[in-house]
Amino acid sequence: MEQLDNTRYAGKEVLLVEDNALNAEIAAELLQTIGLRVDWAENGRLAVDKFEASQLNQYYAIFMDMQMPVMDGLEATRLIRSSARKDSNIPIFAMTANTFSSDRDRCKEAGMNDYISKPIALKDLQNAIDSIR
């Protein structure tokens, strides 16, 4: 098994947006395994609120579930992308069990950078984080 470098992202914080508490716990543990700090929002509306209330560049990335009550991940992504904030181009990664190409297209159209399928694998999270320049 490959050794993880959990120091590369030490001190960096991500926003995890997931309505299912068990899924959020699993994803948070995986993200923490690679050294990230995790802030959690249980729906898209709370995610937008947390992003808007955060300091500039506070979040390194956002991991966004697609289907949630109150506001889904697609709408939340659109709102973040349309924000006047200088960091509205933050990397946003969809997390979903929907694996159809049309779902992937909808994520891209909403402004998400990439797509991670559920169940979430550590390798997929690592690849997403490593893709950030």
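The structure under discussion appears in the preceding block.
Counting from 1, residues in each chain are numbered in the order their sequence is written. Two thresholds apply to this predicted model, a pLDDT of at least 70 for residue-level local features and 80 or more for giving and counting side-chain atom pairs, whereas whole-chain, interface and lining totals are computed over all residues. Water and hydrogen atoms play no part in the side-chain values, which are based on all heavy atoms of the structure.

Visitor: For this particular structure, what's the right way to read helix H2 (residues 44-53)?
Guide: Owing to its 3.6 residues per turn, the α-helix brings residues three or four apart onto one side. For H2, the full list of buried residues reads Gly44, Ala47, Val48 and Phe51. For H2, the angular spread of buried residues about the axis comes to 95°, placing them on one side. Contact partners of the buried residues in H2: strand E1 (13-17), strand E2 (37-41), strand E3 (59-65) and helix H3 (73-81). Structurally, the start of H2 carries an N-cap: the backbone nitrogen of arginine 45 is 2.9 Å from a side-chain oxygen of asparagine 43. The buried label applies to any residue whose accessible area, calculated with a 1.4 Å probe on protein chains only, is under 20% of its type's maximum; exposed applies above 50%, and partly exposed to all values in between. A run of H or I in DSSP becomes a helix once it reaches four residues, and a run of E becomes a strand once it reaches two; helices and strands are each numbered from the N terminus. Taking the helix axis as origin, the arc is that swept by the directions to the C-beta atoms. We call two residues in contact whenever any of their non-hydrogen atoms come within 4.5 Å of each other. Whenever a nitrogen or oxygen atom comes within 3.5 Å of another N or O atom, the pair is scored as a polar contact, on the condition that within protein one atom can donate a hydrogen and the other can accept it, and that pairs from neighbouring residues in sequence are kept only if both atoms are in side chains.

Visitor: Even after reading the chapter, I still don't get the side chain of glutamate 18, so can you show me in this structure?
Guide: Of note, glutamate 18 is situated in the loop between E1 and helix H1 (21-33). Assessed through its relative accessible area of 1%, glutamate 18 is described here as buried. In terms of polar contacts, glutamate 18 uses its side chain to reach the backbone amide nitrogen of asparagine 20, at 3.0 Å. Each residue touching glutamate 18, except ones within four places of it in the same chain, is listed here: Asn23, Ala24, Trp40, Ala41, Glu42, Asp65, Met68, Met95 and Lys118.

Visitor: Can you help me understand the packing of H3 against helix H4 (residues 101-110) in this one?
Guide: The angle between the axes and the distance between the axes are what describe a pair of packed helices. At their nearest, the axes of H3 and H4 sit 8 Å apart, and the two run at 25° to each other. Classified by the angle between their axes, H3 and H4 sit roughly parallel to one another. Seen from H3, the contacting residues are Leu74, Thr77, Arg78 and Arg81; seen from H4, they are Arg106, Cys107 and Ala110. Put simply, Ala, Val, Leu, Ile, Met, Phe, Trp, Tyr, Cys and Pro go in the nonpolar bin, Asp, Glu, Lys and Arg in the charged bin, and everything else, Gly too, in the polar bin. Along the lines of polarity and charge, the residues of the contact of H3 with H4 split into 3 nonpolar, 1 polar and 3 charged. For every element, the axis is a line fit to its C-alpha atoms; helices are fit only across the contacting stretch, and the angle between N-to-C directions ranges from 0 to 180 degrees. In this scheme, roughly parallel covers angles under 35 degrees and roughly antiparallel covers those over 145, while 65 to 115 is roughly perpendicular and the rest are oblique.

Visitor: Whenever I open this one, the sheet that holds strand E4 (residues 92-96) confuses me. Can you help?
Guide: Working definition: the strands of a sheet are paired by backbone hydrogen bonds and lie parallel or antiparallel to each other. DSSP calls a pair of strands paired once it identifies at least 2 bridges connecting them. Spatially, the 5 strands line up as an open sheet ordered E2-E1-E3-E4-E5, and their pairing is parallel. Each edge of the open sheet carries a strand with a single partner, namely E2 and strand E5 (114-117). The mean angle between the axes of side-by-side strands here comes to 25°, regardless of whether they run parallel or antiparallel. Of the pairings in the sheet, the one linking E4 to E5 comprises 4 bridges and is parallel in character. Among the inter-strand pairings, threonine 96 is bridged to a residue of E5, identified as serine 117. Of the strands in this sheet, E3 and E4 touch H3, which is tilted by about 150° from E3. Lying on the sheet, helix H5 (residues 122-130) is in contact with E1, E3, E4 and E5; it crosses E3 at an angle near 135°.

Visitor: How should I be thinking about the nonpolar core in this particular structure?
Guide: Note that soluble globular proteins tend to have their nonpolar side chains buried in a common cluster. Only buried residues count toward a nonpolar core, which is a set of Ala, Val, Leu, Ile, Met, Phe, Trp, Tyr and Cys residues joined through side-chain atoms within 4.5 Å. Residues Val17, Ile62, Met64 and Ile80 are the most contacted members of the largest nonpolar core, which totals 22 residues. When contributions to this core are tallied by element, the ones reaching two or more residues are E1, H2, E3, H3, E4 and H4. Setting aside residues up to four positions removed in sequence, isoleucine 62 forms contacts with Leu15, Val17, Phe51, Ile80, Ile90, Pro91, Ile92 and Phe93. Listed in part, the 21 residues of the second largest apolar core include Val14, Ala28, Leu30 and Tyr60.

Visitor: Whenever I open this one, the packing of aromatic side chains confuses me. Can you help?
Guide: When we look at a pair of aromatic rings, we describe it by the centre distance and by the angle of the planes. Two rings from Phe, Tyr or Trp (for Trp, the six-membered ring) form a pair when their centres sit within 6.5 Å of each other. Planes less than 30 degrees apart are called stacked, planes more than 60 degrees apart edge-to-face, and all others tilted. For the structure on display, the rule yields 2 aromatic pairs. Here phenylalanine 63 and phenylalanine 93 contribute two aromatic rings whose centre-to-centre distance is 5.3 Å and whose plane-to-plane angle is 20°, an arrangement assigned as stacked. Of this pair, phenylalanine 63 sits in strand E3 while phenylalanine 93 sits in strand E4; the two residues are 30 residues apart in sequence, bridging distant segments of the chain. The exposure classification of phenylalanine 63 matches that of phenylalanine 93, with both residues buried.

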